[in-house]
Amino acid sequence: MNYSNKIAHQVAAVPRSGIRDFFELVQGRPDVISLGVGEPDFATPWNIREAAIYSLEKGNTSYTSNLGLLQLRKLISEYVGDFFNVDYDASCDVLITVGVSEAIDLALRALVNPGDEVIFHEPCYVSYSPSITMAYGKGVSVETYKQDNFSLKAATLEKAITSKSRVLMLNFPTNPTGATIGKEDLEEIAQLCIKHDLMVITDEIYSELRYDDPNHISIASLPGMKERTILLHGFSKAFAMTGFRLGYACAPQPIIEAMMKIHQYSMLCAPITSQAAAIEALQNGAESVAKMKASYHQRRDYMVKRLNEMGLPCHTPGGAFYVFPEISHLGLSSKDFALKLLDAKDVAAVPGDAFGKCGEGFLRCCYATSMEEIVIAMDRMEDFVRGLSSK
C-alpha cells in the first residue's frame, strides 16, 4: 500500500525534530559527552520524589478533575501571583497539563482558525513551528540577532504583522539561545499586541533560571495584557521534573474553558502522581531550585569563557541552561561542525539550524551536565577547533 497519500497533509508537512534526529547518532557511543538534550542532570529532589511515592502508597491512583487537583491549582495561583505578579482564580483560570508541550498544543488549537498567522521568534524551540502547522495555522518566523543577544525587538516584530496575524508566541528565557528580554522591549511588544489585537502565548518554562538579572518580567503582568495572554509554565526545568510531564496554563476563564474542552477529550487529566509531586515542589522546593540554579550559573560562566577563549564567539546568555556559540567563521555548516565534532572528539552538541534557518552558523551547547564533563568537553572542543584552524 502507498501510505504517502494516507497521511494527513498537515502532519506529512512537519519535519522530524532536528534534535532527535541528531541524537539518534549518539546512541550506542558510550564515551560521548552530551551537551545536547535540554534536561537537568540533577535527579528530582528527594522530597518531591518521596511525595510521589507516598501518594502511590496511599492508593491515590485515580483520575482528577479535568482542570487538575484544586489544591495544586491554588498553589500555582499563589506561586504565579508572587513570582510573575499576575493574579489568577484557581477555580477557573488555571489548567494542569501534561507538560508545557501539551499546553502549547491546547493553546494553539483553542485560538487558531485554519490559515491564521502565528508569529514566533527564531532561533526557537523545535516544536513551535510544527505545533502551529498541526493546529492548521500558518507560522511566521521573526529573526532575532546575535548583536541584540537574540532578544526580540518590536520594530522587527511589527514588520511581520499582517491582517491575518492572530497570535504571537514568546519564549523568554529562550531555548536555544538563553536570551532574556528587557522590560522596555517587552512593553513595546505589548503595545503592538494591543494595537493589532494579537493574542499572546508566552512559554516561560525557564523563568526561574535567570542569572545576572533575576527579576523575571512576564508580558502577562503588563497593563492590558493579562486578558490577551496565555501564560505557560511547568515543573520540568527549574524543579528537575522532566519525567513527571507536568505543566500548566494560566489565562482568562473563557480561554481556559476552550483549552480544557480539548484537554478533556484528548488527555482527560494530568497524572495524579505527578500532581502530588508538584504540590510538594511548590510547598518545599525553593531551596533545591536555588542550589541547582547556582550550579548552572557557575557552569554557564565557565563554558562561555572557554568558548570565547578557543575562538568561538559566544554571548553570555541571561537565562535557561544553553549557550549558542558562533562557528560560521570556521568554514563548516552547523551540521557538519556538529557531526565532525562528534566523530572526532565524542562531544555531542546540536546544530543551530535545528532551531530555524537563522540558527545556521551557531551551535547549541547545554550546560545541564556535570562540571567535570563540561571541563572535558571544552578541552576536547578546543582541540578540535585548533585542528580546524591549523588547516
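Look up: the structure comes first, before these words.
Reading the values: rules and limits
Residues numbered from 1 in each chain as written. Predicted model: local features only at pLDDT ≥ 70, side-chain atom pairs only at ≥ 80, totals over all residues. Heavy atoms only, no water. 1 Å grid on protein atoms, 1.4 Å probe; cavity = no way out; pocket = protein on both sides within 12 Å on 5 of 7 lines; lining within 4 Å. Points joined across faces, edges and corners; volume = space filled by probe spheres on them. Nonpolar A, V, L, I, M, F, W, Y, C, P; charged D, E, K, R; others polar. Helix = DSSP H or I, 4+ residues; strand = E, 2+ residues; numbered from the N terminus. Buried < 20%, exposed > 50% of the residue type's maximum accessible area, 1.4 Å probe, protein only. Polar contact = N/O pair within 3.5 Å; in protein donor to acceptor, adjacent residues only side chain to side chain. Contact = heavy atoms within 4.5 Å. Pairing = 2+ DSSP bridges. Axes fitted to C-alpha atoms, helices over the stretch in contact; angles between N-to-C directions. Core = buried A, V, L, I, M, F, W, Y, C linked by side-chain atoms within 4.5 Å. Phe/Tyr/Trp six-rings, centres within 6.5 Å; stacked < 30°, edge-to-face > 60°. Lys NZ or Arg CZ within 6 Å of the ring centre and 35° of its normal.

Novice: I keep staring at empty space enclosed by the protein and nothing clicks. Help me out?
Specialist: Gaps left between atoms show up when a probe the size of a water molecule is rolled over them. For the structure shown, the criterion picks out one cavity of 30 Å³ or more. The computed volume of the largest cavity comes to approximately 50 Å³. Along its surface, the largest cavity is lined by Leu170, Phe172, Ile181, Leu186, Thr202, Glu204, His216, Ile217, Ser218 and Ile219. Considering only residue class, the lining of the largest cavity consists of six nonpolar, three polar and one charged.

Novice: I keep staring at the side chain of Gln10 and nothing clicks. Help me out?
Specialist: Along the polypeptide, Gln10 turns up in helix α1 (residues 9–12). In this structure Gln10 comes out as buried when scored by relative accessible area, which is 19%. A polar contact is formed between the side chain of Gln10 and the side chain of Tyr136, at a distance of 2.8 Å. Aside from chain neighbours lying at most four places away, what touches Gln10 is Thr133, Met134 and Tyr136.

Novice: Any chance you could explain the sheet that holds strand β5 (residues 165–170) here in plain terms?
Specialist: Strand pairing in a sheet takes place through backbone hydrogen bonds and is either antiparallel or parallel in direction. Strand order across the open sheet formed by seven strands is β2-β8-β7-β6-β5-β3-β4, with mixed pairing between neighbours. With partners counted over all chains shown, the strands left at the sheet margins are β2 (94–97) and β4 (138–143), one partner each. Each neighbouring strand pair of the sheet contributes to a mean axis angle of 20°, computed without reference to strand direction. In the sheet, strand β3 (residues 117–122) pairs with β4 via six bridges, with the strands oriented parallel. Pairing of Val118 across the sheet is with Gly139, part of β4.

Novice: In this structure, what is going on with the nonpolar core? I would like to understand it.
Specialist: If you look at soluble globular proteins, the nonpolar side chains tend to sit buried side by side. The biggest cluster of nonpolar side chains holds 67 residues, and the ones touching the most others in it are Met169, Ile230, Phe337 and Met381. In this structure, Met381 is in contact with Leu35, Leu307, Met310, Leu312, Leu341, Val347, Leu363 and Cys365, ignoring residues within four places of it in sequence.

Novice: Looking at this structure, I do not really get the packing of aromatic side chains. What am I missing?
Specialist: Within a pair of aromatic rings, the relevant descriptors are the distance that separates the centres and the angle that separates the planes. One pass over the structure, following the stated rule, counts 14 aromatic pairs. Aromatic side chains Phe83 and Phe84 sit 5.0 Å apart centroid to centroid with 75° between the ring planes, which places their arrangement in the edge-to-face category. Look at Phe83 and you get partly exposed, because its relative accessible area is 27%. Overall, the relative accessible area of 2% leaves Phe84 in the buried class. Within the aromatic cluster, the residues linked to one another by ring pairs are Phe42, Tyr206, Tyr296, Phe321 and Tyr322. The ring of Tyr88 has Lys226 lying over it, and the distance from NZ or CZ to the ring centre is 5.2 Å.

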